[in-house]
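Residues per chain, in single letters:
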Amino acid sequence: MKPAVLGMAALIAATTALSAAEVEPGKVVFAEDGSVAMSLTGVPGDPAAGRKAIGSKKIGNCVACHQITEMSDVPFHGEIGPSLDGVGERYTEAQIRGIVTDAKHTFADTIMPSFYKVDGFIRPGKRYTGKAADDTFGPLLEAQQIEDVVSYLVTLK
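Residues numbered from 1 in each chain as written. Predicted model: local features only at pLDDT ≥ 70, side-chain atom pairs only at ≥ 80, totals over all residues. Heavy atoms only, no water.

## What to know about the overall build of the chain
In terms of helices and strands, the chain carries five helices and zero strands. Shown N-terminal to C-terminal, the secondary structure of the chain runs as helices and strands in the order α-α-α-α-α. Scored against the burial criterion, the 157 residues of the chain give a buried share of 32%. Of all intrachain contacts in the chain linking residues separated by at least 6 positions in sequence, the fraction that spans at least 24 positions is 52%. (Helix = DSSP H or I, 4+ residues; strand = E, 2+ residues; numbered from the N terminus. Buried < 20%, exposed > 50% of the residue type's maximum accessible area, 1.4 Å probe, protein only. Contact = heavy atoms within 4.5 Å.)

Here it is, written out as C-alpha cells:
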C-alpha cells in the first residue's frame, strides 16, 4: 500500500510542478520588440503537433491567412498574411513566440488574431449557441500548442 501512496504523491507533485510552470495568458512577458524569450510551458514544442495545429481548421488554421510551401498537402492557403516560407530565418524563436502569442506587440496594426490572450477585446458569443460570451473563454491556443507551433515555424528556413 505504501508504495502506491508514494507513487500517487509523486505523480501529483509532478503534475503540479508542470502546471505551475505554465504561464497564464495575462502574465506573458513581452520584450520591447514584442518577443517572448521564455517558453510558455517549460516543455519543448513538438514540430509535428505544431504543423497539425497550423493546418487544422479546428485548431490554429494559420493557412487560412498564410501560405506555406512545405504544407502543400493542406488545401486553401490564404493570401491575407505574409508567406511563412523562411520565417525561421527572418525571426528568432522568441520573436515567433511573441508574434503567435499576441502579434499586436510586434505589429500594432495587424489583423492577426492573438492566439494566447483572454482579455482586452470583445469576444464573440458562445460557439453557435446564440448566447452571449462569458468568462469561460480561454485562449485560441493552449500554451503547449503555442510552443508546438513555434517549434514548427522555426524549422521553416
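## Observations regarding the nonpolar core
Of all hydrophobic cores here, the largest spans 25 residues; its most connected members are Ile54, Ile68, Ile146 and Leu153. Secondary-structure elements contributing two or more residues to this core are helix 2 (47-55), helix 4 (93-102) and helix 5 (143-153). Per element, the largest residue contribution to this core is six residues, and it comes from helix 5. Beyond its immediate sequence surroundings of up to four residues, Ile146 is in contact with Leu40, Arg97, Val100, Thr101, Phe115, Tyr116 and Leu141. (Core = buried A, V, L, I, M, F, W, Y, C linked by side-chain atoms within 4.5 Å.)

## Things to note about helix 2
An α-helical turn contains 3.6 residues, so a residue and the one three or four places further along point in the same direction. Within helix 2, burial applies to Gly50, Ala53, Ile54 and Gly55. Where helix 2 is buried, its residues touch helix 5. Sitting at the head of helix 2, Asp46 places a side-chain oxygen 3.1 Å from the backbone nitrogen of Ala48. (Polar contact = N/O pair within 3.5 Å; in protein donor to acceptor, adjacent residues only side chain to side chain.)

## What about the pattern of salt bridges?
Per the stated rule, a full pass over the model turns up five salt bridges. Here Glu70 ties to Arg51 by a salt bridge, and the two come within 3.0 Å at their closest N and O atoms. A residue pair is termed long-range when its members are at least 10 positions apart, and Glu70 in the loop between helix 2 and helix 3 (87-90) and Arg51 in helix 2 qualify at 19 residues. Overall, the relative accessible area of 22% leaves Arg51 in the partly exposed class. Among the ionic pairs, Asp73 bridges to Arg51, the shortest N-O distance being 2.6 Å. One end of the pair, Asp73, is in the loop between helix 2 and helix 3; the other, Arg51, is in helix 2, with 22 residues separating them in the sequence. The network of salt bridges with shared partners includes Arg51, Glu70 and Asp73. (Salt bridge = Lys/Arg side-chain N within 4 Å of Asp/Glu carboxyl O.)

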